[in-house]
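Observations on the model geometry
Chain by chain, the residues run as shown.
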Number of protein chains: 2
Amino acid sequence: MKVERLGEWGLIRRIRRTIGSGAPGVRVGIGDDTAVLQLTAGAWLLATTDLVIEGIHFRRRSAGPADIGWKAMAVNLSDIAAMGGTPRFALVALACPEETEVEDVDQFYDGLTAAAAPHGVALVGGDTSASPAGWIVNVTLLGEIEGAPRLRSGARPGDVVAVTGVLGRSAAGLAVLEAGRRPDLPGPVLDEVERAHLRPAARVAEGKWLATHDAVHGMIDLSDGLATDLGHIATESALAARVALPRLPVAPSARAVAQALGLDPVELATTGGEDFELLFTMERSAAEVIATSLGSATGAAVTVIGEISDGAPGVTFLDAEGRAVDVGHGYEHFHG
Amino acid sequence: MKVERLGEWGLIRRIRRTIGSGAPGVRVGIGDDTAVLQLTAGAWLLATTDLVIEGIHFRRRSAGPADIGWKAMAVNLSDIAAMGGTPRFALVALACPEETEVEDVDQFYDGLTAAAAPHGVALVGGDTSASPAGWIVNVTLLGEIEGAPRLRSGARPGDVVAVTGVLGRSAAGLAVLEAGRRPDLPGPVLDEVERAHLRPAARVAEGKWLATHDAVHGMIDLSDGLATDLGHIATESALAARVALPRLPVAPSARAVAQALGLDPVELATTGGEDFELLFTMERSAAEVIATSLGSATGAAVTVIGEISDGAPGVTFLDAEGRAVDVGHGYEHFHG
């Protein structure tokens, strides 16, 4: 059945059934003009929003409706994670062409709720509309934090720069999906990188854990790529950042894909973007304990990749010989 | 200058400058991943979101960038107003084609902040992106309410149905803008209806005032048209609503446009939509005092147009002789 046959109110009723209700803190959810919500007393309110557009952020050729829903939620979860906050409530606006199959819309919400559910996030409102061309999704995620949020501007001179997990998989996955042919690599390798691109996992537990430790200062999630995102920390903190390229935890799967497709694995890791790992700075003296303890608490690896110092705000990448290397730029919209 | 020359970060810096910072309750605004905000202690959090898409919700032929910004904010303000809440923080996502003039983007934010400023709403975050075709805007508005919000489901048997202001102007304005030629009517009449369509004013003060009065029960804003929106109150309250068509406060300007363009003024008022007046139900015994007092407090007229009773949920429109009349349906996306 096409969306145009179901009609807008039919679609909203269907979404309401899919989503359910009665989540903690939700006095009024989907179905009224406005959601009525309750935060934990004394907590700060966190709010972030992301627009995801077919033909710009994804192609229907490689991303199914459930992938689109999952990722639209995950990118917002990652933004809340980067502050060290707890995600709580989501508002989701979806526009799709009238001839869209209702089952595709169902799958979209399935993917969205599958990404949200492990974090206890309730879908509390949104908007639906026809689209003149392609899918358009906007997710706004509301969360809370009781202590001090970690900001891009929080880095301090003498801090080390660290990253959770591994890098380069999402960009490798995108390269595979865009290649048009499956490279001659083991299935699990291809699955891993494609999944990293289509179904990224936000580091929510890790962000919350890190934000409870005073030694952790500046933080951001890796959405636009290490070069760009560390650049934000450097600029907003008005400090210089240096990264030792040999230290980067480039994923073995990303290296394999890079080799098969003739790409530079370091470029995938530094400018590829969308790994949604956490990039943070912390006191050098605490680094080993923080890395070990975070691993015990959440299972996430931590790798120290560089350091922060006084100096002209910006990022310098150094090769094995300590020479500055130009790694290009991360993803930017509107670059001419 | 085109947006693609300025680049994404250049655009964000420019928006940041346009918007300013330091609003009450904003600990972190535009520029980090996530806004960090503070509500009034003990207040409920209100959240609403609306997607506004070129070719679906407006045409660039008739709406300038400042109009688009204004209206994207106003429709959300109206949703918060319909609850009786206080709007506080906005997140704005904008996608536009790379060849968009930066001045158009400036005007968009000017229109947006012009609509927001009278209500003390701070722009605290958002997203920018390229668009494959046309402008795409999503505004999420956060607000708060300390008492009980007014809901669609709040109507009670015996209530009267009332509306603020006048009806039909927005639909008349749209008809003029779409007609391609200016009807032979006085300039002020045309200006009034076009302004009602392009620069609607949300009834924020009126909604807050009404929500402080226990006699006011159900409430919604007129976005999809009286027939549809009163239908929501009837359905969600599981009650029957009756409206006397002769009582409708159809705007004289809308009547004049209807006559000039061969339209039915009652249809403009019942199904035209986007008047953004408040539609509410209240105890019959309190109606006169509420109407007079709201007028004194805010200047807004109140007209009683019908009543609520036990019965099959739905809306019946009655003509001067008390006969049921079919007035058609309000705006619905995806109607086949």
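Looking only at helices and strands, chain A features 11 helices and 13 strands. Taken against the 2.2 N^0.38 rule, which gives 20 Å for 336 residues, the C-alpha radius of gyration of chain A at 20 Å falls within 12% of a compact globule. Along the first, second and third principal axes, the C-alpha atoms of chain A reach 65 × 55 × 40 Å. A burial count over chain A gives 56% of its 336 residues as buried.

The next subject is the environment of B:Ala287. Residues and elements named next belong to chain B. If you trace the backbone, Ala 287 turns up in helix 10 (residues 287–298). Along the sequence, Ala 287 and Val 161 sit 126 residues apart, while their C-alpha atoms lie 9.3 Å from each other. With near-sequence residues (within four places) excluded, Ala 287 lies in contact with Val 160, Ala 162, Met 282 and Val 304.

Next up on the list: the environment of B:Met1. Residues and elements named next belong to chain B. Here Met 1 shows up in the segment before helix 1 (3–19). Separated by 103 residues in the primary sequence, Met 1 and Asp 104 have C-alpha atoms spaced 9.9 Å apart. Filtering out sequence-adjacent residues up to four positions away, Met 1 remains in contact with Leu 6 and Val 102.

The next point concerns the confidence of the model for chain A. Interpretation of this model should avoid reading the predicted coordinates in detail wherever pLDDT is low. Across chain A, pLDDT averages 93, with 96% of residues at or above 70. Quick note on the complex model: pTM equals 0.93, ipTM equals 0.91.

All names here are of chain A. Strand order in the open sheet made by the 7 strands is 8-10-7-11-9-12-13, with mixed pairing throughout. The sheet is open, and its two edges are formed by strand 8 (216–221) and strand 13 (324–325), each paired on a single side. Strand direction decides the pairing type here: strand 7 (residues 160–164) and strand 10 (residues 278–282), joined by 4 bridges, are antiparallel. Note that in strand 10 the partner of Val 161 across the bridge is Thr 281.

Moving on, we get to the interface of chain B and chain A. Counting from both sides, the interface comprises 63 residues of chain B and, opposite them, 63 residues of chain A. Examining the composition of the side of chain B that touches chain A, we find that 9 residues originate from one element, strand 3 (residues 44–53) of chain B, more than from any other. Along the lines of polarity and charge, the residues of the side of chain B that touches chain A split into 32 nonpolar, 18 polar and 13 charged. In this structure, strand 2 (residues 35–37) of chain A lies alongside strand 3 of chain B, joined through 3 bridges in antiparallel fashion. The partner of A:Ala35 across the bridge, within strand 3 of chain B, is B:Ala47.

It is worth spelling out the relation of the copies chain B and chain A at this point. Expressed as a screw transformation, the operator carrying chain B onto chain A has a rotation angle of 180° and an axial translation of 0.0 Å, and the superposed copies differ by an RMSD of 0.0 Å. The transformation relating the two chain copies, once decomposed into turn and shift, fits a two-fold axis. Looking at chain B, 100% of its interface residues are interface residues in chain A too, so the copies touch through the same face.

Grouped together as the largest cluster of nonpolar side chains are 218 residues, with contacts concentrated most on A:Ala90 and B:Ala90. At 12 residues, the largest contribution of residues to this core is made by helix 3 (residues 65–83) of chain A. When near neighbours in sequence (up to four residues on either side) are disregarded, A:Ala90 contacts A:Met73, A:Ala116, A:Val121, A:Leu123, A:Val124, A:Val139, A:Thr140 and A:Leu141.

With that settled, the discussion passes to the pairing of strand 3 of chain B. Along strand 3 of chain B, 10 of the 10 residues are buried, which leaves the element largely enclosed by surrounding structure. Burial of the side chains of strand 3 of chain B extends over both faces: B:Trp44, B:Leu46, B:Thr48, B:Asp50 and B:Val52 are buried on one face and B:Leu45, B:Ala47, B:Thr49, B:Leu51 and B:Ile53 on the other.

Take the sheet that holds strand 3 (residues 44–53) of chain A next. The 6 strands are arranged 5(A)-4(A)-6(A)-3(A)-2(B)-1(B) in an open sheet whose pairing can be described as mixed. Edge strands, defined here as strands with exactly one partner in the open sheet, are strand 5 (122–130) of chain A together with strand 1 (26–28) of chain B. Each strand of the sheet is rotated relative to its neighbour by a mean of 20°, with strand direction disregarded. In the sheet, strand 3 of chain A pairs with strand 6 (residues 136–145) of chain A via 10 bridges, with the strands oriented antiparallel. Looking at strand 6 of chain A, one finds that A:Ile53 is bridged to A:Ile136. The strands that helix 4 (residues 102–116) of chain A touches are strand 4 (86–96) and strand 5 of chain A; relative to strand 4 of chain A, the one it contacts most, it runs at about 165°.

Glancing now at helix 6 (residues 187–198) of chain A. Residue and element names in this part refer to chain A. With 12 residues, helix 6 ought to run about 16 Å at 1.5 Å a step, and its terminal C-alpha atoms sit 16 Å apart, in line with that. Among all positions in helix 6, only Val 189, Leu 190, Glu 192, Val 193, Glu 194, Ala 196, His 197 and Leu 198 are buried. Looking at the buried positions of helix 6, the neighbouring elements they touch are helix 3, helix 5 (169–179) and helix 9 (252–261).

This part covers unusual backbone geometry. Of all residues except glycine, most have a negative phi; of all peptide bonds, most are trans. In the Ramachandran plot, A:Phe276 falls in the positive-phi region, its phi being about 55° despite a non-glycine side chain. For B:Ala238, which is not a glycine, the phi torsion comes out positive at approximately 55°. The residue B:Ala238 is located in the loop between helix 7 (226–237) and strand 9 (240–244) in this model. Look at B:Ala238 and you get exposed, because 12 C-beta atoms sit within 10 Å.

Reading guide: rules and limits
Residues numbered from 1 in each chain as written. Chains lettered and ligands numbered in written order. Predicted model: local features only at pLDDT ≥ 70, side-chain atom pairs only at ≥ 80, totals over all residues. Helix = DSSP H or I, 4+ residues; strand = E, 2+ residues; numbered from the N terminus. Rg over C-alpha atoms; globule rule 2.2 N^0.38 Å. Buried ≥ 20, exposed ≤ 12 C-beta atoms within 10 Å, placed from the backbone. Contact = placed C-beta atoms within 7 Å. pLDDT = per-residue confidence, 0-100. Pairing = 2+ DSSP bridges. Nonpolar A, V, L, I, M, F, W, Y, C, P; charged D, E, K, R; others polar. Least-squares fit on C-alpha atoms with pLDDT ≥ 70 in both. Core = buried A, V, L, I, M, F, W, Y, C linked by C-beta atoms within 7 Å. Axes fitted to C-alpha atoms, helices over the stretch in contact; angles between N-to-C directions. Expected span 1.5 Å × (residues − 1).

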